[in-house]
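Here is how the chains run, residue by residue.
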Protein chains: 2
Amino acid sequence: MSRAPVLLFACQGVDQAAWLAALHRADPGLDIRVWPSVGDPAEIDYALLWKQPPGLLDGMVGLKAIFSMGAGVDNVLLDASLPAHIPLVRMVDPSLVAGMVEFVVMQVLHYHRSMPAYRAQQEVLHWQMLPQSLASERRVGLLGLGELGAASARALSGFGFDVLGWSRGPKTLPGVRCFQGADGLRDMLAQTDILVCLLPLTPDTRGILNRETLSHLPHGAYLINAARGAHLVEADLLPLLEEGRLAAATLDVFAVEPLPADHPFWTHPFITILPHAAAQTLPQTAAPIITANIARHRAGQGLAHVVDRGRGY
Amino acid sequence: MSRAPVLLFACQGVDQAAWLAALHRADPGLDIRVWPSVGDPAEIDYALLWKQPPGLLDGMVGLKAIFSMGAGVDNVLLDASLPAHIPLVRMVDPSLVAGMVEFVVMQVLHYHRSMPAYRAQQEVLHWQMLPQSLASERRVGLLGLGELGAASARALSGFGFDVLGWSRGPKTLPGVRCFQGADGLRDMLAQTDILVCLLPLTPDTRGILNRETLSHLPHGAYLINAARGAHLVEADLLPLLEEGRLAAATLDVFAVEPLPADHPFWTHPFITILPHAAAQTLPQTAAPIITANIARHRAGQGLAHVVDRGRGY
């Protein structure tokens, strides 16, 4: 194709102006069509999607690749009409990884250093130093050892935490005690003080955080879910907090987003709510990654970070 | 001396049982006298002090070295009768440094990632993603580039923050924009989004955080004081928060500790109070460092980490 490549932009809930400016800056030659102003659907070469309306790609017979704006592609794949033979590319953006590492380290330190207890003390004007543990005495278990999990493990190891990690298949990471499969999951949970979920959402991982699995944690463990709301069986969380199996939870993601106003999580004293903000894809760093991948494809080289549709990530 | 070395233990506000056990484990040959059961004062070879009563060392004519349980020795030096010719050793404990790095990184990330705003949103059930900055877009200014400051700078650089550092004399640290002296202080403050105080308390640094200096910060900056309460002119803080010059402050230390119940800091919505808990000296790691230093001295080698009384650190 000698004409300018045509990119369809169909992303909801993002800063569209910032994205269009960043894409233009990254490749001024790109012909960007902003949904629903598609023009001739047959001219679309590439599509950048996020929470797109189903059926959007119908009639785009020249489509060569689909880009997801997020690292997880589950919401892009909700569209059953998404053509199965077109490569789907997930977002692998170093600044998205950096944002997630910041979030994970921040919340692990928050629990490690007893910040909820100190905040409660401040509320009642109570001055008391609490016991402080060495990081090496604190076991942090990561669910998922992909880009986000591996980078988080590296950062946590740097602080001296005892880092454990679980993945579907076998993995080896320096400084991480690695577990796999259903037995490995129970083994890891039984020795995890702070549990961090960074899994992709697939049929295998849906509901993986439930009463049965979380009951393997030591009493008073902490949960941080920065992956997807559907990883957690939400109805199971409140009794686990009530019984003290879990001391507190930080939730960035929910079964229904935005979290409905009458949801009991909002006002629970031991739950910290984030509005799916653990790690945003920032246009200034992500746009050049998308345009570089397009350039690679146009030069006849393979696309980077193509999703295995069977695995779902 | 062929008899067992005698160590006086006179530390208040610490877990005495844990310390005595750790010291005994580190050197079972040590004859430990717990104040006020000193025995013959002339037999005392070494003293480990923290918030000790003044005049405590009178009559200890055989004293060879004084150890401070904390990294800062200002409260040990409050005792005007402390013999000036006896070496005073400050605590340089890798786990104390690690604890401070944890605290600094945790609170810098807390502000960098808008956690106070997200907490306020949760209180009113409001779901809204806030703009996220790259760490490289956030300027963190460290006051003090000693063991604690340098280690904090290293950790913050690892996250990609734009790290600035100020010290009395000239210093060069990799990845840190270094400033010095009074002019350098103003220069650094003018470009600091998050200010962290890790200075020793000396006549030169007392009151260094005041209306004049802090007014050089950009509007909406954050303050973290993990050094000494007397670094901050407390009466200046509330108007700076009211005017928005400061967006929030985390204070671990205060002019009077425990912070009096009627102090306005306790209930201020933008002030986070910690009970001097940013970094504790942990007996399991610090006791072996003290006994190793005693062994070095007994072997005729020099003591490590002797304080320059003129500088105060």
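Residues numbered from 1 in each chain as written. Chains lettered and ligands numbered in written order. Predicted model: local features only at pLDDT ≥ 70, side-chain atom pairs only at ≥ 80, totals over all residues. Heavy atoms only, no water.

Caption draft 1: Structural view of helix α6 (residues 181-189) of chain B. Residues and elements named next belong to chain B. Among the residues of α6, G184, L185, M188 and L189 are the ones counted as buried. The arc enclosing the buried residues of α6, seen along the axis, measures out at 130°, which places them on a common side. Turned more than 90 degrees away from the buried face of α6 sit A182 and D183, all of them exposed. Where α6 is buried, its residues contact β6 (139-143), β7 (162-167), β8 (176-180), β9 (194-197) and α7 (211-214). (Buried < 20%, exposed > 50% of the residue type's maximum accessible area, 1.4 Å probe, protein only. Helix = DSSP H or I, 4+ residues; strand = E, 2+ residues; numbered from the N terminus. Arc of directions from axis to C-beta. Contact = heavy atoms within 4.5 Å.)

Caption draft 2: Representation of the sheet that holds β6(B) within the structure. Residues and elements named next belong to chain B. Strand order across the open sheet formed by seven strands is β8-β7-β6-β9-β10-β11-β12, with parallel pairing between neighbours. What marks the edges here is a single partner per strand, and that holds for β8 and β12 (271-273). Along the sheet, successive strands turn relative to each other by an average axial angle of 15°, direction set aside. Along the sheet, helix α8 (residues 234-243) contacts β10 (221-225), β11 (246-251) and β12; its crossing angle with β11, the most-contacted strand, is approximately 145°. (Pairing = 2+ DSSP bridges. Axes fitted to C-alpha atoms, helices over the stretch in contact; angles between N-to-C directions.)

Caption draft 3: Seen up close, the relation of the copies chain B and chain A. Superposition record for chain B on chain A: RMSD 0.0 Å, screw rotation 180°, translation along axis 0.0 Å. Put plainly, the chains are arranged around a two-fold axis. Identified as the residue of chain B closest to the rotation axis by C-alpha distance is B:M106, at 2.6 Å. When the interface residues of chain B are mapped onto chain A, 100% of them again lie at the interface, so the same face is used by both copies. (Least-squares fit on C-alpha atoms with pLDDT ≥ 70 in both.)

Caption draft 4: Region of the structure containing the sheet that holds strand β10 (residues 221-225) of chain A. Residues and elements named next belong to chain A. The parallel open sheet is built from seven strands, whose spatial order is β8-β7-β6-β9-β10-β11-β12. At either margin of the open sheet sits one strand with a lone partner, and together these are β8 (176-180) and β12 (271-273). Along the sheet, successive strands turn relative to each other by an average axial angle of 15°, direction set aside. Examined bridge by bridge, strand β11 (residues 246-251) and β12 share three bridges and lie parallel to one another.

Caption draft 5: Inspection of the pattern of salt bridges at higher detail. The final tally for this structure, using the stated rule, is 26 salt bridges over all chains. A:R311 is the partner of A:D308 in a salt bridge, and the nearest nitrogen-oxygen pair spans 3.8 Å. (Salt bridge = Lys/Arg side-chain N within 4 Å of Asp/Glu carboxyl O.)

Caption draft 6: Region of the structure containing the environment of B:P170. Relative to the assigned elements, B:P170 resides in the loop between β7 and β8. Taking the C-alpha atoms as reference, B:P170 lies 5.8 Å from B:Q180; in sequence the two are ten residues apart.

Caption draft 7: Local environment of helix α4 (residues 115-123) of chain A. Residue and element names in this part refer to chain A. What α4 keeps buried is the set M115, Y118, Q121 and Q122. Seen from one end, α4 has its buried residues packed into an arc of 115°, which puts them on one side. Immediately beyond the C-terminal end of α4, within one or two residues, lies L125, with a positive phi of roughly 55°.

Caption draft 8: Highlighting the interface of chain B and chain A. On the side of chain A, 51 residues touch chain B, which itself brings 51 residues to the contact. Together, the buried faces of chain B and chain A total about 4,300 Å²; carbon and sulfur atoms form 66% of this surface. Inspection of the region where chain B meets chain A yields two salt bridges. Two residues, A:E102 and B:R113, come together in a salt bridge whose shortest N-O distance is 3.2 Å. For the pair chain B and chain A, the number of links is 22 residue pairs in polar contact (both at pLDDT 80 or more). Of all elements in the fold, only α3 (94-112), α4 (115-123), β12 and α9 (283-298) of chain B reach the threshold of two or more residues within the side of chain B that touches chain A. Its residues assigned to classes, the side of chain B that touches chain A shows 29 nonpolar, 17 polar and five charged. (Buried area = accessible area lost by both parts, 1.4 Å probe. Polar contact = N/O pair within 3.5 Å; in protein donor to acceptor, adjacent residues only side chain to side chain. Nonpolar A, V, L, I, M, F, W, Y, C, P; charged D, E, K, R; others polar.)

Caption draft 9: Just the packing of aromatic side chains, in detail. Residues and elements named next belong to chain A. Counted under the stated rule, the structure contains nine aromatic pairs over all chains. Plain terms: the ring middles of Y111 and Y222 are 4.4 Å apart, the flat faces sit at 20° to each other, and that makes the pair stacked. Of this pair, Y111 sits in helix α3 (residues 94-112) while Y222 is found in strand β10, placing the two residues 111 residues apart along the sequence. The exposure class assigned to Y111 is buried, which follows from its relative accessible area of 2%. Residue classification places Y222 among the buried positions, given a relative accessible area of 18%. Over the face of the ring belonging to Y313 we find R311, whose NZ or CZ atom lies 4.2 Å from the ring centre. (Phe/Tyr/Trp six-rings, centres within 6.5 Å; stacked < 30°, edge-to-face > 60°. Lys NZ or Arg CZ within 6 Å of the ring centre and 35° of its normal.)

Caption draft 10: The arrangement of the domain arrangement of chain A in detail. Residues and elements named next belong to chain A. Split by domain assignment, chain A resolves into domain 1 (6-93 + 281-298) and domain 2 (94-273). A C-alpha centroid distance of 32 Å is found between domain 1 and domain 2. Each partner contributes to the interface: domain 1 provides eleven residues, whereas domain 2 provides seven residues. Counting the surface lost from both domain 1 and domain 2, the interface buries some 790 Å², and carbon and sulfur atoms represent 51% of this. If you look at where domain 1 meets domain 2, you find two salt bridges. Across the pair E147 and R90 runs a salt bridge, and its minimum N-O distance is 3.2 Å. Our enumeration of links across domain 1 and domain 2 arrives at seven residue pairs in polar contact (both at pLDDT 80 or more). Here the residues of the side of domain 1 that touches domain 2 sort into five nonpolar, three polar and three charged. (Domains from an automatic or database assignment.)

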